[in-house]
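# Close look at the chain arrangement
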Amino acid sequence: MERRDKHNYYLDIAETVLGRGTCLRRNYGSIIVKNDEIISTGYTGAPRGRKNCSDMGVCRRQELNIPRGTHYELCRSVHSEANAIISASRKDMINSTLYLVGKDATTDDFVENSNSCTLCKRMIINSGIEKVVIRDTKNEYRVINVEQWIDNDDSLFDDVGY
């Protein structure tokens, strides 16, 4: 039996976490890992105590036909990366790795060209997270050094994110 590599192991866990997501368009799962220890998890969902889109049966952004990567202020959800960061201590996040998996809520396919949105990138930078590993397929992923986002400030606006 071949042993699963560490990145895919943690991505598998993040994929399980996304199963708690409540978005009707795309669900993401994030875990933050430091020294081979999971320090936090997060999934896409409404702020605590507020109704989720899945409970309401409607997505406002979908109703308004808003394209991916724009007008996040109209979304009810807190992104998975933000939820994971909120649940962790900054001292624990310094030099950690965030694992991110996104799936289409309708097809259950992995989100193509998945990436953190501009706001989540800012939070990731400020939290001290060192790397972001993003799943593209069941066994393929990209590793992003957060330092690249800092060095190339304009790159924060290149990716469409959610």
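You'll find the protein chain entered in an unreviewed UniProt entry as dCMP deaminase, with Clostridium grantii DSM 8605 given as the organism. UniProt, in its Cofactor (unreviewed entry) section for the protein chain, records the words "Zn(2+)".

Before going further, it helps to examine the UniProt feature "binding site: Zn(2+)" (unreviewed entry) in the protein chain. Look at the UniProt record and you will see "binding site: Zn(2+)" (unreviewed entry) annotated at H79, C117 and C120. These annotated residues cover 42 residues of sequence, but their C-alpha atoms sit close together, with the largest distance between any two at 8.8 Å. Checked against the element boundaries, H79 lands in the loop between α3 (60-63) and α4 (80-86). The class for H79 is buried, based on a relative accessible area of 9%.

Within this structure's numbering, the places UniProt gives as "domain: CMP/dCMP-type deaminase" (unreviewed entry) are residues 6-134. Taken end to end, residues 6-134 is 33% helix and 22% strand, and its two terminal C-alpha atoms sit 13 Å from one another.

We now examine the packing of aromatic side chains. Enumeration according to the criterion identifies two aromatic pairs in this entry. Measuring from centroid to centroid gives 5.2 Å for Y10 and Y99, while their planes differ by 40°, and the two rings are tilted. In this pair, Y10 is assigned in helix α1 (residues 6-18) and Y99 in strand β3 (residues 97-104), connecting sequence segments 89 residues apart. The same class applies to Y10 as to Y99, namely buried. Of the aromatic side chains, those joined through ring pairs into one cluster are Y9, Y10 and Y99.

Our focus in this paragraph is the sheet that holds strand β4 (residues 131-135). Ordered in space as β2-β1-β3-β4-β5, the five strands form an open sheet in which the pairing is mixed. Edge positions in the sheet fall to β2 (37-43) and β5 (141-145), since each of these pairs with one other strand and no more. Mean inter-strand twist for the sheet, computed between neighbouring axes without regard to direction, equals 20°. For β3 and β4, the ladder comprises four bridges, and the chain directions are parallel. Directly across from L98, in β4, lies its bridge partner V132.

The rules behind each value
- Residues numbered from 1 in each chain as written.
- Predicted model: local features only at pLDDT ≥ 70, side-chain atom pairs only at ≥ 80, totals over all residues.
- Heavy atoms only, no water.
- UniProt positions renumbered as here; feature names shortened; annotations may be inferred.
- Helix = DSSP H or I, 4+ residues; strand = E, 2+ residues; numbered from the N terminus.
- Buried < 20%, exposed > 50% of the residue type's maximum accessible area, 1.4 Å probe, protein only.
- Phe/Tyr/Trp six-rings, centres within 6.5 Å; stacked < 30°, edge-to-face > 60°.
- Pairing = 2+ DSSP bridges.
- Axes fitted to C-alpha atoms, helices over the stretch in contact; angles between N-to-C directions.

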